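Here is what each chain is made of, one letter per residue.
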Amino acid sequence: MIKISPSILSADFSRLGEHIRELEACGADMIHIDVMDGMFVPNISFGIPIIKSVRNITKLPFDVHLMIEDPSRYVEDFVNAGADIITVHYEADRHIDRTINYIKSFGIKAGIALNPGTPVALIKDLVSNLDMVLIMSVNPGFGGQKYIKYSSNKIKEVRDLADIYNKDIMIQVDGGVDDTNIGEVVKSGANVIVAGSGVFKNNEIEKNIKGLRSSI
Ligand code: DX5
Ligand code: ZN
């Protein structure tokens, strides 16, 4: 079963609550929450108070993608804000193994994200202990960018590692996924699809989610 995790980075923040209710009603499987610190990525999005304020309006899991330096500093705060999955960037943490165990110690799921330029081989030894691997298919920081072609090969490489070390792992792809390439992304081995502009374009959430599912 392929899961869709719409990124609220593309939402109209003056109507964030409404949008999240609509995503749930339209069959989204989780809510992808992009946190940016203006250091790890050249953009600042939103943080802990916003997540807390929308936690009670949906039962969907909160899939929190931390694009922040040294993310372990804030893990406990994001757990308390209601995160169900916390994904940290391999590139942002000198002690990624420790941070993964720390996230899991709160009883929630842990993932590692890889920037486009970061090879999959670097996480080989960690895959067995992860709940999710996130392959960034754009350089992180902004919604609405174009899918980087070679990402499909990286997804296949994660799939191969997963087949050996962790069959149940979630393989998430984030960036530039729409109804024209979701088929290729899934065929390569992804099972959790993030989409921001692909879900919110033209303000037609229901139609867009249906369109994504029917293009798989
Ligand atoms: C980019 C974020 C993505 C982004 C995806 O840094 O991590 O989650 O919102 O947006 P689209 O689907 O528009 O590329
Ligand atoms: Zn993201």
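Look a little higher up for the structure.
Everything numeric here is computed off the predicted structure, so don't read it as measured data.

J.: Teacher, can you tell me more about the nonpolar core here?
T.: Ranked by internal contacts, the top residues of the largest apolar core, which has 61 residues, are I8, L23, I33, F78 and I86. Those residues in contact with I33 that lie beyond four places of it in its chain are I8, F46, I51, F62, D63, V64 and H65.

J.: What am I meant to see in the coordination of the zinc ion (ligand 2) here?
T.: Around the zinc ion (ligand 2), the protein contributes the donor atoms H32 (NE2), D34 (OD), H65 (ND1) and D174 (OD), which lie 2.0 to 2.3 Å from the metal centre. Geometry at the zinc ion (ligand 2) is octahedral, judged from its 6 donor atoms and the angles of 69 to 171 degrees they form at the metal.

J.: Looking at this model, I keep getting lost on helix α4 (residues 96-104). Mind explaining?
T.: Since the α-helix advances by 3.6 residues per turn, residues separated by three or four positions end up pointing in the same direction. Considered for burial, the residues of α4 that qualify are I96, T99, I100 and I103. Taken end-on, α4 shows its buried residues confined to a sector of 100 degrees, consistent with a single buried face. Tucked inside the fold, the buried residues of α4 contact α3 (75-81), β4 (85-89) and β5 (109-114).

J.: Is there a simple way to think about the site of ligand 1 in this case?
T.: Around ligand 1 sit 20 residues in total, of which D34, G141, D174, G196 and S197 are the nearest. Within the contact set of ligand 1, an oxygen atom lies 2.8 Å away from a backbone nitrogen or oxygen of G176. Between ligand 1 and the protein, one listed contact pairs an oxygen atom with a side-chain N or O atom of S197 at 2.4 Å. Coverage of ligand 1 by the protein amounts to 100% of the 390 Å² it exposes when considered alone. Comparing atom positions with the cavity grids shows ligand 1 to sit within the largest pocket. When residues of the shell around ligand 1 are traced back to their parent elements, those giving at least two are β2 (31-36), β3 (62-67) and β8 (192-195). Residue contributions to the shell around ligand 1 peak at 3 residues, all from β2. Split by residue class, the shell around ligand 1 holds 8 nonpolar, 10 polar and 2 charged.

J.: What exactly am I supposed to notice about the pattern of salt bridges here?
T.: As a working rule, side chains carrying opposite charge can pair if their charged atoms are close by. On inspection of all chains with the given rule, the structure shows 9 salt bridges. Across the salt bridge formed by E18 and R15, the nearest N and O atoms sit 3.1 Å from each other. Note on E18: relative accessible area 46%, which makes it partly exposed. Residue class for R15 comes out partly exposed when judged on its relative accessible area of 27%.

J.: Help me out: how do you make sense of the layout of surface pockets in this one?
T.: To find leftover empty space, a probe the size of one water molecule is rolled over the atoms. For the largest pocket, the calculated volume is near 260 Å³. Among the secondary structure elements, those contributing two or more residues to the lining of the largest pocket are β2, β3, β8 and α7 (197-200). Here the residues of the lining of the largest pocket are counted per class, giving 11 nonpolar, 11 polar and 4 charged. As a volume, the second largest pocket reaches approximately 170 Å³. For the second largest pocket, the full set of lining residues is D70, S72, E91, A92, D93, R94, H95, R98, T99 and Y102.

Rules of the game
Residues numbered from 1 in each chain as written. Chains lettered and ligands numbered in written order. Predicted model: local features only at pLDDT ≥ 70, side-chain atom pairs only at ≥ 80, totals over all residues. Heavy atoms only, no water. Core = buried A, V, L, I, M, F, W, Y, C linked by side-chain atoms within 4.5 Å. Buried < 20%, exposed > 50% of the residue type's maximum accessible area, 1.4 Å probe, protein only. Contact = heavy atoms within 4.5 Å. Donors = N, O, S within 2.8 Å, 3.2 Å for Na, K, Ca; no water. Tetrahedral: all angles 85-135°; square planar, octahedral: opposite > 155°, others 65-115°. Helix = DSSP H or I, 4+ residues; strand = E, 2+ residues; numbered from the N terminus. Arc of directions from axis to C-beta. Near = heavy atom within 4 Å. Polar contact = N/O pair within 3.5 Å; in protein donor to acceptor, adjacent residues only side chain to side chain. Areas by Shrake-Rupley, 256 points an atom, 1.4 Å probe, with all protein chains shown as cover. 1 Å grid on protein atoms, 1.4 Å probe; cavity = no way out; pocket = protein on both sides within 12 Å on 5 of 7 lines; lining within 4 Å. Sits in = over half its atoms within 2 Å of the grid points. Nonpolar A, V, L, I, M, F, W, Y, C, P; charged D, E, K, R; others polar. Salt bridge = Lys/Arg side-chain N within 4 Å of Asp/Glu carboxyl O. Points joined across faces, edges and corners; volume = space filled by probe spheres on them.

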